[in-house]
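Spelled out, the chains give:
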Amino acid sequence: MLKQFSWNFNNFPLGKKLTVLLLIIFIAGITLSGIALSGILNYKAQDEVSSNGKLLFRTINSVRSYTNDEVNPELEARLGKDEFAAQTIPAYSARKVFEKLRNEDEAYKDFFYKEAMLNPTNPRDKADSFETELIQKFRQDKKLPFLSGFRPFDNENFYYIARPLAITESSCLRCHSTPDVAPKNMIATYGTENGFGWKLNLINGVQIVSIPASQVFQKANQSFVLVMGIVTIIFAIAIYMANFWLTRYVVRPIKRVVRVAEAVSTGDMDAEFEKVANDEVGSLVEAFTRMKISLVMAIKSFERYRGGNQ
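Treat the numbers as computed from the prediction; the structure is a model and nothing was measured.

Taken as a whole and judged by the stated rule, the model has 6 salt bridges. Among the salt bridges present, the one from Glu-104 reaches Lys-100, with a minimum N-O distance of 2.8 Å. With Glu-104 and Lys-100 both in helix H3 (residues 90-104) and 4 residues apart, the pair spans about one turn of that helix. Each member of the pair, Glu-104 as well as Lys-100, carries the same accessibility label: exposed.

Given below as structure tokens:
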């Protein structure tokens, strides 16, 4: 097949060869540009989502710190030893703030937030198998600041960002060390089976922000279509201009030289080669002009020689 194409290509006129070559360059350029651009835009989209996710983490952790340092002491002073209020729990405050942010800010409407724990008080916060693996990775490498990537969930692919979560305040152990020191109201609500045995500074969970991968790639695809449209138009214009220039300044002058050369070869010595430029095509015209002059001189010399012998 390649040999057949090569044979056909060699039989093409010069103008058609140039057009085919420019089309090949056009297609190859668009293809390679598309592959490179797709990778760049996907990375950029992930980076943008990661930046929003990290900003969300900073916001939520600020709320957690405020709840633990400011709200918790004030409310505990007003509550009895055995009383319990969800508003004193940093995770509760973080979830409420996130829900409000998600409802009011378009940038976060597709985000999902979870504090996944190995042994949570509330079963809704129980880490699944994937989240458990993330916790184990953070435990193995305590210097690891975050993890990100893609995960399947409910027949959909999600892009996630996860950060380690550990108890760093001893006051939190009041609700999570042993049932006998926990508020009785909390025990009455959640029981004694879950949420105990936590240790200070031990990574027991992850904060994980997720967004549907389709949303990530949708932004990249929109940018891809726009940029590739512009690049295609620019490539097309460049190819058209190159083809126009080559046809006008290379192919047409060569065709004129061929016509004049054919006329001379049939005896029309009045046909003149026209030089229109000082480039290589102009040099070719000069060469043919000199060849024509030499041919005319040779013919005249031959005729004089033949006339003298007669």
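So, about H3. The end-to-end C-alpha separation of H3 is 21 Å, in line with the 21 Å expected for 15 residues at 1.5 Å each. Within the span of H3, buried status applies to Pro-90, Ser-93, Ala-94, Arg-95 and Phe-98.

Strand order in this open sheet of 4 strands is S1-S4-S3-S2, and the pairing throughout is antiparallel. Two strands close off the open sheet at either side, each with one partner strand: strand S1 (112-117) and strand S2 (147-153). Strand-to-strand twist across the sheet, computed as the mean angle between neighbouring axes with direction ignored, equals 35°.

Another aspect to go through is the UniProt feature "transmembrane region" (unreviewed entry) in the protein. As annotated by UniProt and renumbered to match this structure, "transmembrane region" (unreviewed entry) occupies residues 20-41 and 224-246. Summarising residues 20-41: 100% helix, 0% strand, and an end-to-end C-alpha distance of 31 Å. End C-alpha atoms of residues 224-246 are separated by 32 Å, and the span's content is 100% helix alongside 0% strand.

The next subject is the pairing of S2. Strand direction decides the pairing type here: S2 and strand S3 (residues 156-166), joined by 7 bridges, are antiparallel. Bridging across to S3, Phe-150 finds its partner in Tyr-159. In sequence, S2 turns back onto S3 through a hairpin of 2 residues, with Asp-154 there showing a positive phi of about 50°.

Let us now look at the packing of aromatic side chains. Throughout the structure, instances matching the rule amount to 5 aromatic pairs. Ring centres 6.5 Å apart and planes at 20° place the aromatic pair Tyr-240 and Phe-244 in the stacked group. You can see Tyr-240 and its partner Phe-244 sitting in helix H7 (residues 213-265), 4 residues apart, about one turn around the helix. With relative accessibility at 55%, the residue Tyr-240 sits in the exposed group. A residue is classified by how much of its surface remains accessible, and Phe-244, at 38% relative accessible area, is partly exposed.

Taken together, Arg-248, Arg-252, Lys-255 and Arg-259 make up a surface patch of like positive charges. Relative accessible area serves as the criterion here: at 46%, Arg-252 is assigned to the partly exposed category.

Another point: the confidence of the model for the protein. In this model, the protein carries an average pLDDT of 78, and 86% of its residues clear a pLDDT of 70 or more. Least confident of the elements in the protein is helix H1 (residues 2-10), whose mean pLDDT is 55; most confident is helix H4 (residues 129-140), at 91.

One finds Leu-56, Phe-111 and Tyr-113 to be the most contacted residues of the largest nonpolar core, which totals 23 residues. For this core, the secondary-structure elements that each account for two or more residues are helix H2 (14-78), H3, S3, strand S4 (203-212) and H7. No other element matches H2, which puts 10 residues into this core. Leave out the neighbours within four places in its chain, and Tyr-113 touches Phe-57, Ile-60, Ala-94, Phe-98, Gln-207, Ile-208 and Val-209.

Cut-offs applied
- Residues numbered from 1 in each chain as written.
- Predicted model: local features only at pLDDT ≥ 70, side-chain atom pairs only at ≥ 80, totals over all residues.
- Heavy atoms only, no water.
- Salt bridge = Lys/Arg side-chain N within 4 Å of Asp/Glu carboxyl O.
- Helix = DSSP H or I, 4+ residues; strand = E, 2+ residues; numbered from the N terminus.
- Buried < 20%, exposed > 50% of the residue type's maximum accessible area, 1.4 Å probe, protein only.
- Expected span 1.5 Å × (residues − 1).
- Pairing = 2+ DSSP bridges.
- Axes fitted to C-alpha atoms, helices over the stretch in contact; angles between N-to-C directions.
- UniProt positions renumbered as here; feature names shortened; annotations may be inferred.
- Phe/Tyr/Trp six-rings, centres within 6.5 Å; stacked < 30°, edge-to-face > 60°.
- Patch = residues over 30% accessible without salt bridge, like charges linked within 9 Å, V, L, I, M, F, W, Y side chains within 5 Å.
- Areas by Shrake-Rupley, 256 points an atom, 1.4 Å probe, with all protein chains shown as cover.
- Lys, Arg positive; Asp, Glu negative; His and termini not counted.
- Charge placed at Lys NZ, Arg CZ, Asp CG, Glu CD.
- pLDDT = per-residue confidence, 0-100.
- Core = buried A, V, L, I, M, F, W, Y, C linked by side-chain atoms within 4.5 Å.
- Contact = heavy atoms within 4.5 Å.

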